[in-house]
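# Geometric and topological summary
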Amino acid sequence: MKRFIKNLIFTIIILSSLIGQPVFAVDYDLNTNVYNHLENWDTEFEVSYYKSDVLDLIKDIAKKDDYLTRSLKKLVYERKGDTATVKVTYLTTKEQEEYIDAELKKIVNSIITNNMSELDKIETINKYLVDRYEYDDSFVSNNVYSALTTGKTTCQGYAMTTYKMLNLAGIENRIIIGDLDGVAHGWNLVKLNGTWYQIDVTNNDAVGTNKYFLKNDAFLRSEGFVWEANDYPKCDENYEMTSDNQKISNNTTQNTSNTKQASNNYRQSSINFKSYLDGTWYLNNGLWYFLKNTGEYATGWNIIDTNWYCLEENGAMRTGWIYYSGKWYYCSPISGAMATNTMIDGYDLDSNGAWIE
């Protein structure tokens, strides 16, 4: 009798494991199947799930990738008999996503080098997007495709482009969705040397400085940012930039209005990147260089990306106040571009960038 009971218990255990295993397998197959369809930008596919929370399930599956989550525009679930179909509308078409992937890979390969540190890569991508994009006040351009093809986009386009470019550069990051002063807003989290930081490229572009570069949660909250903290990694630290990084102090002497006025005049803004020099910007050990297609570094004063830049004899970009030919000029510590028709530190600059004495 005891032997029978032991055999019975053993049989029940085996049956339980056999019966239980397919349930997990079905769940896994469903998650994998749905995610593969979404990742492939399929607009219609069948699912083996018939409960009322099917759309919530699909949204949860999409959360595996922040870019994918932001790309979902509309979900429709239809069931006819034993057939259940999901119809998806994305912000972009599959062909547009293929263009985005190819274009961003080309860009990242041209501006990111193997000898760059993680910080160099993040700085380079932040600068590239600040230089290339302008905010779309019409709110029409809300995705990476329209951002790349028009040069204008909303915060969503900035955040989604940042996400993909950082991923291509091997930098772990997230897209945050929240509010800024009561208005819906999107920005990014980035992981640098094992620590998470906040970065808002949209507002770095708007104010013309890296005010929102590698900041902590407390700083963003003090600026009016609101988000669901439990949904994202915690950011406890501000990244302290050293003098070697060639970055301006957080305690800038310029007020906000002067900073915005200056940024409209000296930051790069042309998507065409018109220039009398052909080449690529490179960041090396915290310093920017412009490598011409001839293989030589640009030096002296040059028009690059529609702006004037001053480069040392070794090619390193000069920033701050520069005395040249008996006149003072000012080049942004962030973009490096020469300021014109504005006021810096209480000094007026003319249309040629020279200090009006």
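Values in this document were obtained by computation on a predicted structure and should not be read as measured data.

### Section: the overall build of the protein chain
Helices and strands together make up the secondary structure of the protein chain, namely ten helices and 18 strands. Accessible area of the protein chain: about 19,000 Å², with a carbon and sulfur share of 49%.

### Side note on unusual backbone geometry
Within the chain, Asp-181 stands out as a residue other than glycine whose phi angle is a positive 55°. Note that Asp-181 resides in the loop between strand S6 (173-180) and strand S7 (183-192). Asp-181 sits in the exposed class, given a relative accessible area of 60%. In this model, Leu-214 sits at a positive phi of 55°, which is unusual for a non-glycine residue. Along the chain, Leu-214 falls in strand S9 (residues 213-215).

### Overview of the packing of aromatic side chains
Scanning the model with the defined rule gives 19 aromatic pairs in all. Each ring, one from Trp-187 and one from Phe-225, has its centre 5.0 Å from the other, and the planes form 80°; the classification is edge-to-face. Here Trp-187 is found in strand S7, whereas its partner Phe-225 is found in strand S10 (residues 225-227), with 38 residues between them in sequence. Here the two residues Trp-187 and Phe-225 agree in accessibility, since each one is buried. Among the aromatic residues, those joined into a cluster by ring pairs are Trp-187, Tyr-212, Phe-219, Phe-225 and Trp-227. Sitting above the plane of the Trp-281 ring, Lys-127 keeps its charged end 5.1 Å from the centroid. Over the ring of Phe-219 we find Lys-215, and its NZ or CZ is 5.3 Å from the ring centre.

### What about helix H4 (residues 94-111)?
In this model, H4 (18 residues) spans 26 Å end to end at C-alpha, consistent with the 26 Å of a helix rising 1.5 Å per residue. Of all the positions in H4, only Glu-97, Ile-100, Glu-103, Leu-104, Ile-107, Val-108 and Ile-111 are classed as buried. What you see down the axis of H4 is that its buried residues fit within an arc of 135°, all on one side. Residues of H4 that are exposed and point over 90 degrees away from its buried face: Glu-95, Lys-106 and Asn-109. Tucked into the core, H4 has its buried residues touching helix H3 (66-71), helix H5 (118-132), helix H6 (144-150), helix H7 (155-168) and strand S11 (279-284).

### With respect to the pairing of strand S16 (residues 327-331)
As judged from the five bridges shared by strand S15 (residues 320-324) and S16, these two strands associate in the antiparallel manner. Bridged to Tyr-323 within S16 is Trp-328. Hairpin remark: S15 followed by S16, antiparallel, with two residues in the connecting loop; positive phi at Ser-325, about 50°.

### Examining the sheet that holds strand S1 (residues 44-46)
In space, the three strands of this open sheet follow the order S1-S3-S2, with antiparallel pairing throughout. In this open sheet, the two strands that pair with only one neighbour each are S1 and strand S2 (72-80). With strand direction ignored, the average angle separating the axes of adjacent strands in the sheet is 20°. Of the strand pairs in this sheet, S2 and strand S3 (residues 83-90) are connected by eight bridges, and their pairing is antiparallel. Following the sheet pairing, Lys-74 is matched in S3 by Thr-89. Where helix H2 (residues 54-62) meets the sheet, its contacts fall on S2 and S3, and the angle it forms with S2 comes to roughly 140°.

### A closer look at the environment of Glu-118
Among the structural elements, Glu-118 can be located in helix H5. When the C-alpha positions of Glu-118 and Ala-169 are compared, they lie 8.7 Å apart, and in sequence the two are 51 residues distant.

### Here we look at the environment of Asp-200
Turning to its location among the elements, Asp-200 is positioned in the loop between strand S8 (195-199) and helix H8 (201-207). Here the side chain of Asp-200 touches Asn-203 through a polar contact of 2.6 Å, side chain to side chain.

### Thoughts on the confidence of the model for the protein chain
Per-residue pLDDT for the protein chain averages 81, and the proportion of residues at 70 or more is 82%. Across residues 1-26 the pLDDT falls below 50, and counting only partners more than four positions away or on other chains, this stretch makes zero contacts in the model. The model gives residues 243-275 a pLDDT under 50, and that stretch makes 77 contacts with residues more than four places away or in other chains.

### Comments concerning the sheet that holds S9
One open sheet accounts for five strands, arranged S9-S8-S7-S6-S10; its pairing is antiparallel. Looking at strand neighbours, the two that pair on one side only are S9 and S10, the edges of this open sheet. Neighbour-to-neighbour, the strand axes of the sheet open up by a mean angle of 45°, direction not taken into account. Along the sheet face, H5 touches S7, S8 and S9 and points at about 120° away from the line of S9. Its contacts with the sheet place H7 against S6 and S7, and it is angled at close to 15° to S7.

Criteria and thresholds
- Residues numbered from 1 in each chain as written.
- Predicted model: local features only at pLDDT ≥ 70, side-chain atom pairs only at ≥ 80, totals over all residues.
- Heavy atoms only, no water.
- Helix = DSSP H or I, 4+ residues; strand = E, 2+ residues; numbered from the N terminus.
- Areas by Shrake-Rupley, 256 points an atom, 1.4 Å probe, with all protein chains shown as cover.
- Buried < 20%, exposed > 50% of the residue type's maximum accessible area, 1.4 Å probe, protein only.
- Phe/Tyr/Trp six-rings, centres within 6.5 Å; stacked < 30°, edge-to-face > 60°.
- Lys NZ or Arg CZ within 6 Å of the ring centre and 35° of its normal.
- Expected span 1.5 Å × (residues − 1).
- Arc of directions from axis to C-beta.
- Contact = heavy atoms within 4.5 Å.
- Pairing = 2+ DSSP bridges.
- Axes fitted to C-alpha atoms, helices over the stretch in contact; angles between N-to-C directions.
- Polar contact = N/O pair within 3.5 Å; in protein donor to acceptor, adjacent residues only side chain to side chain.
- pLDDT = per-residue confidence, 0-100.

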